[in-house]
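Fold and geometry: a report
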Amino acid sequence: MIKVEHLNKSFGALKALKDINLTIHDGEIVSLIGPSGSGKSTLCRCIHGLEKPESGTISLDGEVMDPKDKANFERLRKRMGFVFQHFNLFANKTVIENCNLAQIAVAGKTKEEAEKTSMDLLARVGLDDKRDEYPSKLSGGQKQRVAIARALCMNPEIMLFDEPTSALDPEMIKEVLDVMKRLGEQGMTMVVVTHEMGFARKVGDRVVFLDGGEIVEENNSEEFFSNPKSDRARDFLSKVFYD
Amino acid sequence: MKDIFTQENLLFMLKGAGWSLLLAIGGLVIGCVIGIVFAAGKLSRSRLLRWIATVYVEIFRGTPMLLQVLFFYLGVPVLYQRITGTRMAANPYIVGLIALSCNSGAYQTELIRSGIQSVDRGQWEAGETLGISYRTMMQEIILPQAFKLIIPPLVSEFITLIKDSSLISNIGALELLYSAQVLGKRYYDYLDPLILAGIMYLCMTVFISWLSRKVERRMAVSD
């Protein structure tokens, strides 16, 4: 269980997050949605510790992630995997090397053990045949699937997705969402920052709608989309759906 | 042409060229190690480390190379004697290598720093989310990508080093230029040995340019 309490974060004069409180239960798929600049990506990055909060806490099963307590902080964040909008695959490493590196350097596995896990997960995202390609030779959708496999290689309990399909050509979005959907069906706890309303509605359990750095509305997915309560959410939904 | 180009004299010049090349390679390699260390210093969070790296770079970039060579050869032994009271015999080849390395290290510090900073910040973030240490990230991901970006200026640096190694002739190391001067003095003819030395420098530098183009093409596989 992830618990975010009284989280505040600013970039210079801009208040990106204002007193955020949020609980994410095990096995839940939570979609963070909202207009750009609403703070949804910042919230996602704060949960993993990529951004250091100004005040407030993030805890995992009751253990607070304190960046000053480095050993503990690193131990806790290892329970989470992170997927970036721009993939961030290691450009000088092949697909299989991307998957192996942290397993060997961080988890202390042998190369054979790492390779076995990597191939297993690459097969799950349907890219085991690309094992020796460099990232530059892959399409956007393939890159993102490798990035998901790479994160899964570290055996996380929670997966954080920061706009995983926003940098993709439209025809590649589905292949990535399919992988994520299957992951959710296997019981993975997921936090997904997304503009894919169809995904948030059908796959996500719950929607957290942010605007101006605040949580404006929080509800189960079906309820949120069919019956938004706040004006801002209604306004937002009327703009993203074209009918 | 003349009897100056005997086989013996040609070998003498070639040996000088060999020393020039060896000193330049040594300077490049040691300078590279220095460059990595001080580039890490320049990018460090510690103000002291940043300051040390900046002072080092400014001193070696901001004073003439010839002064540095003379300082290491003539100045340092005096300093040594003042401190320890014993004499120190300076070997011109070793001193020359040290001077070249320190000088090149300053230039390579800036090159490597700019290379590291040109690597996409997302690579660091990916490493962070996977729990990979700073050291492993540097070794496995950042430095290999940084070096690929800076191959062209590094090649220029190598070519500069081959030419700058001629400054070591001033302290009596028999590298290529000094070899030419020795022959010139012996035969009262400086023209031919100097032209030959020039041709030999050109052969080395043009070969390096050609080699670097080949390497760059091979490294392009992950682009």
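Everything in this summary refers to the structure shown in the same document. (Residues numbered from 1 in each chain as written. Chains lettered and ligands numbered in written order. Predicted model: local features only at pLDDT ≥ 70, side-chain atom pairs only at ≥ 80, totals over all residues. Heavy atoms only, no water.)

Description of a nonpolar patch on the surface
Residue and element names in this part refer to chain B. Note the cut-off: Distance thresholds for patches are 9 Å for like charges and 5 Å for nonpolar side chains (Val, Leu, Ile, Met, Phe, Trp, Tyr), applied to residues having over 30% relative accessible area and no salt bridge. Method for areas: the Shrake-Rupley scheme with a 1.4 Å probe, in which residue coverage is limited to the protein chains shown. The rule for a salt bridge is simple: a side-chain nitrogen of Lys or Arg has to be within 4 Å of a carboxyl oxygen of Asp or Glu. Each helix corresponds to a stretch of at least 4 residues labelled H or I by DSSP, and each strand to a stretch of at least 2 residues labelled E; elements are numbered beginning at the N terminus. Burial classes follow relative accessibility: with a 1.4 Å probe on protein chains only, a residue under 20% of its type's maximum area counts as buried, one over 50% as exposed, and anything between as partly exposed.
Together, Leu-48, Leu-49, Trp-51, Ile-52, Val-55 and Ile-59 give the surface a local cluster of nonpolar side chains, amounting to about 570 Å² of exposed area. Looking at the secondary structure, you find Leu-49 in helix α2 (residues 47-62). Residue class for Leu-49 comes out partly exposed when judged on its relative accessible area of 42%.

A look at the interface of chain B and chain A
Here is the rule: Whether two residues touch is decided by their heavy atoms; if any such pair falls within 4.5 Å, the residues are in contact. A quick way to say it: buried area is the sum, across both parts, of accessible area lost when two parts are put together, with a 1.4 Å probe. Each polar contact in these results corresponds to two N or O atoms within 3.5 Å; when the atoms are within protein, one needs to be able to donate a hydrogen and the other to accept it, and residues that are neighboring in sequence are counted only if both atoms are side-chain atoms.
Taken together, the contacts link 21 residues of chain B with 26 residues of chain A. Around 1800 Å² of area is buried between chain B and chain A when both sides are counted, 58% of it from carbon and sulfur atoms. Of the charged contacts, one joins Arg-77 of chain A and Glu-128 of chain B as a salt bridge, the two residues approaching to 2.8 Å between their closest N and O atoms. Counting every contact that joins chain B to chain A gives 8 residue pairs in polar contact (both at pLDDT 80 or more). Broken down by secondary-structure element, the contributors of at least two residues to the side of chain B that touches chain A are α5 (121-129) and α6 (134-149) of chain B. Ranked by residue count, the leading element in the side of chain B that touches chain A is α5 of chain B, at 8 residues.

Considerations on the pairing of strand β7 (residues 158-162) of chain A
All names here are of chain A. Quick reminder of the rule: Strand pairing is assigned whenever DSSP detects at least two bridges linking the two strands. Throughout, right-handed denotes a crossover for which the path from the first strand over the helix to the second runs clockwise when the strands point away from the viewer.
Where burial is concerned, most of β7 is hidden: 5 out of the 5 residues are buried. The alternating pattern of β7 places Ile-158, Leu-160 and Asp-162 and Met-159 and Phe-161 on opposite faces, both of which are buried. Taken together, the 4 bridges between strand β6 (residues 80-83) and β7 define a ladder with parallel strand orientation. Bridge assignment links Val-83 to a residue of β7, and that residue is Phe-161. Note that β7 and strand β8 (residues 189-193) share 5 bridges and pair parallel. The residue bridging Ile-158 from the neighbouring strand is Thr-189, located in β8. Between the parallel pair β7 and β8, the chain is carried across by helix α6 (residues 173-185), and the sense of this crossover is right-handed.

Focus: the packing of helix α8 (residues 176-187) of chain B against helix α9 (residues 191-219) of chain B
All names here are of chain B. The line we're drawing: Every axis in this analysis is a line fitted to C-alpha atoms, fitted for helices over the stretch in contact. Angles between the N-to-C directions lie between 0 and 180 degrees. An angle below 35 degrees is treated as roughly parallel, one above 145 as roughly antiparallel, one from 65 to 115 as roughly perpendicular, and anything else as oblique. It is the rotation of the near helix from the far one that decides the hand of a crossing: anticlockwise by less than a right angle makes it left-handed, clockwise makes it right-handed. Each residue is assigned to one of three groups, with Ala, Val, Leu, Ile, Met, Phe, Trp, Tyr, Cys and Pro labelled nonpolar, Asp, Glu, Lys and Arg labelled charged, and all others, Gly among them, labelled polar.
Where α8 meets α9, the closest approach of the two axes is 9 Å, and the angle between their N-to-C directions is 165 degrees. Looking at the two axes, α8 sits roughly antiparallel to α9. The element α8 and its partner α9 pack so that their crossing is right-handed. Contacts from Leu-176, Leu-177, Ala-180, Leu-183 and Gly-184 in α8 reach Pro-193, Leu-194, Ala-197, Met-200, Tyr-201 and Met-204 in α9. Classifying every residue of the contact of α8 with α9 gives 10 nonpolar, 1 polar and no charged.

Here we look at the sheet that holds strand β2 (residues 14-24) of chain A
Residue and element names in this part refer to chain A. As summarised here, the arrangement of the 4 strands in space is β2-β1-β4-β5, forming an open sheet in which the pairing is antiparallel. Pairing within the sheet leaves two strands with one partner each, and these edge strands are β2 and β5 (63-64). One ladder, built from 2 bridges, connects strand β4 (residues 55-60) with β5; its direction is antiparallel. Across the sheet, the residue bridging to Ser-59 is Val-64, located in β5.

Points about the environment of Asp-192 of chain B
Residues and elements named next belong to chain B. Relative to the elements of secondary structure, Asp-192 occurs in helix α9. By relative accessible area, Asp-192 is classed as buried at 9%. The spatial distance from the C-alpha of Asp-192 to the C-alpha of Met-88 is 38 Å, given a sequence separation of 104 residues.

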